Amino acid sequence: MLIVVADDDASQRIFTSTVLKRLGHTPLEAEDGDVALKLIQDSKAPILVCDLKMPGLDGHQLTQQVRALDLGYYVHIVMVTGRDQGADRRLALEAGVDDFMQKPLDAAVLTVRIKAAARLVQHEEALSERNRILNEAKERIEADLHAAADAQRRLLPDPRIEIQGCRFTSSFVPSTYVSGDMYGCFDLNHEAVGIYAVDVAGHGVHAALLSVAIGHLVSADFFANYALTPSGEHDPAALVRELNARFYSDEGSDYFTMFCGVLDQRTGTLTYCQAGAPSPFMIASDQGVTAIGDGGFPVALLPDLEYENGTVQFEPGATLVVYSDGATEAENADGTPFGEDRLMQLIAGVAKDDVAQVPKVVTEALTKWRSGDPLEDDLTVFTLERSSSK
């Protein structure tokens, strides 16, 4: 290793350098603290052996200057002091000295001190290399997660679209890079509009993998094949049963909640199936804001479950608000959840002006509720406003 030897006594420098050479190190001699400081900056030597009393920068000042440098590595400093310099040693420790040797120098003591310092340097270099490898791995993982998040968002519909006289507006906020939430809105045979929302249990990459698998599977064609019967009836419960059969595993523990529905544009009837998801809100001018559905059972938790359809009239001018439980379960600093009642009141207030602003306003309200802290669960909010009849 490169070791800077700083001492204004030439004989002491030669003695120390000789011992260091025998140990296999390369000494860099400095006759005062100023030269020693420059040598450390230029050579990146990890060990400094310095005398306490030197012209220019003394041992205390040299130590302080070294500690103030932004070298990117640690310099081990061994200071040489006299027998009666106890008070100076305390000051040296405060300045950042790591070890001491007493004059007159002894070759055996110097050997032990340098070997100890060298082991620490080697250990720190090994840690530094491991940290470098870990940081590179972390950067690769983060890059992959960013790519995965981008791929996941591409599966989602545009935040603002119009389908068959219906205005669809959404907000999607993952709690981390990727989300366990997935949703879609489809034009079904130009006579109906299909919607679904999925919330996979858990968070992070594991939940996101399942949500992405569902997002790839549930295309407009897949939705229509299972939610529309050959006779033209609407049966979203059949779609949920199919997903339950596909994703249930005796050996697995993954499951998800789901809400899906089919809006018949001819009759204005919304046929829906609720599978453990929060009850959506229906906003109608004559009824205000009401919750629909009665809960249901999550998907892929048990085999051969029966799922049922429900119906509600969805008149022109009405709006359906679908949300994940990340909205109601978001807690403030006191641990109080936002709750369904508060969410309903917020939506009712926004709906008086422009229901299309509901996803944005809900997201902003939850951010404020949590004092700017990230959500602990994924958040999905979308509205389907029926602005005209077919």
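Note that the coordinates shown come from a computational prediction; the quantities given were computed from them, not determined experimentally.

> Before we move on, can you summarise the overall build of the protein with the specific residues and values?
Within the protein one finds ten helices and 16 strands. Rg of the C-alpha trace for the protein: 35 Å, well past the compact-globule value of 21 Å for 390 residues, more than 25% over. Counting only C-alpha atoms, the protein reaches 105 × 45 × 30 Å along its principal axes. Taking all 390 residues of the protein together, 47% fall into the buried category. For the protein, restricting intrachain contacts to residue pairs at least 6 apart in sequence, the fraction spanning at least 24 positions comes to 65%. Element-wise, carbon and sulfur atoms account for 49% of the exposed surface of the protein, whose accessible area totals about 19100 Å². With 32 positive and 59 negative side-chain charges, the protein shows a spacing of 10 Å between the two charge centroids.

> Tell me what's going on with the sheet that holds strand β13 (residues 288-291), and back it up with residues and numbers.
Strands in a sheet are paired, the pairing made by backbone hydrogen bonds, and the direction either parallel or antiparallel. One open sheet holds the six strands; their spatial order is β6-β7-β16-β15-β12-β13, and the pairing between them is antiparallel. Edge positions in the sheet fall to β6 (160-163) and β13, since each of these pairs with one other strand and no more. Each adjacent strand pair in this sheet contributes to an overall mean axis angle of 20°, direction not counted. Note: strand β7 (residues 166-173) against strand β16 (residues 379-386), eight bridges, orientation antiparallel. Across the sheet, residue R167 finds its bridge partner in β16, namely E385. Those strands touched by helix α10 (residues 358-369) are β7, β15 (319-323) and β16, and its axis lies near 155° from that of β16.

> Before we move on, could you go through the state of the cysteines and cite the residues and values that matter?
In total, this model carries zero disulfides according to the counting rule given. C185 provides the cysteine sulfur closest to C166, a residue in no disulfide bond, and the two sulfurs are 7.5 Å apart. The structure places no disulfide on C260, whose sulfur is separated from the nearest cysteine sulfur, that of C273, by 5.2 Å. The exposure class of C260 is buried, given its relative accessible area of 0%.

> Residues and numbers for the packing of aromatic side chains, please.
All chains considered together, the criterion is met by eleven aromatic pairs. Centre to centre, the rings of F247 and F256 are 5.9 Å apart; their planes meet at 85°, and the pair counts as edge-to-face. Judged by relative accessible area, which is 22%, F247 ranks as partly exposed. An aromatic cluster of three or more residues is present, and its members are F168, F172, Y183 and F382. Here R342 stacks its cationic end above the ring of F338, 5.6 Å away from the centre of that ring.

> A description of the sheet that holds strand β14 (residues 310-313) should follow, citing residues and the corresponding values.
With antiparallel pairing, the five strands of this open sheet are ordered in space as β8-β9-β10-β11-β14. At either end of the open sheet lies a strand with only one pairing partner, and these are β8 (181-188) and β14. Going from strand to strand, the sheet's axes swing by 15° on average, the running direction of each strand aside. Relative to strand β9 (residues 192-200), β8 is paired through eight bridges, and the arrangement is antiparallel. Opposite D187, over in β9, you have V193 as the bridge partner. Its contacts with the sheet put helix α7 (residues 220-227) on β8, β9 and β10 (256-264), and the angle it makes with β8 is roughly 75°.

> Give a description of the environment of R13 that names residues and reports values.
Here R13 shows up in helix α1 (residues 10-22). Assessed through its relative accessible area of 14%, R13 is described here as buried. Along the sequence, R13 and D341 sit 328 residues apart, while their C-alpha atoms lie 79 Å from each other. Not counting residues within four places of it along the chain, the set of residues in contact with R13 comprises V5, D7, D8, E29, A30 and E31.

Cut-offs and rules
Sequence order as written defines residue numbering, which begins from 1 separately in each chain. In view of the model being predicted, local features appear only for residues whose pLDDT reaches at least 70, and side-chain atom pairs are presented and counted only at 80 or more, with totals across whole chains, interfaces and linings using the full set of residues. Side-chain metrics in this entry use all non-hydrogen atoms of the structure; hydrogen atoms and water are not considered. Only DSSP runs of H or I reaching four residues or more are called helices, and only runs of E reaching two or more are called strands; each is numbered from the N terminus. Our radius of gyration looks at C-alpha atoms and nothing else; its globule reference is 2.2 Å times the residue count to the power 0.38. For every residue, the accessible area (1.4 Å probe, protein chains only) is compared with the maximum for its type, and the residue is labelled buried under 20%, exposed over 50%, or partly exposed between those bounds. The criterion used for residue contact is that any of the two residues' heavy atoms lie within 4.5 Å. Values of accessible area rely on a 1.4 Å probe in the Shrake-Rupley scheme; residue burial ignores everything except the protein chains shown. Charge assignment in this entry is limited to Lys and Arg as positive and Asp and Glu as negative, and neither His nor the chain termini are counted. By convention, the point assigned to a charge is CZ for Arg, NZ for Lys, CD for Glu and CG for Asp. Strand pairing is assigned whenever DSSP identifies at least 2 bridges connecting the two strands. Angles here are taken between N-to-C directions and fall from 0 to 180 degrees, while the axes themselves are lines fitted to C-alpha atoms, restricted in helices to the stretch in contact. Working definition: a disulfide is two cysteine sulfur atoms within 2.5 Å of each other. Ring pairs shown here join Phe, Tyr and Trp side chains whose ring centres sit within 6.5 Å, with only the six-membered ring taken for Trp; geometry is labelled stacked below 30 degrees between planes, edge-to-face above 60, and tilted in between. We call a charge positioned over a ring when the NZ of a Lys or the CZ of an Arg lies within 6 Å of the ring centre and within 35 degrees of the ring normal.

Spatial relationships are all this shows, so hold off on functional conclusions.
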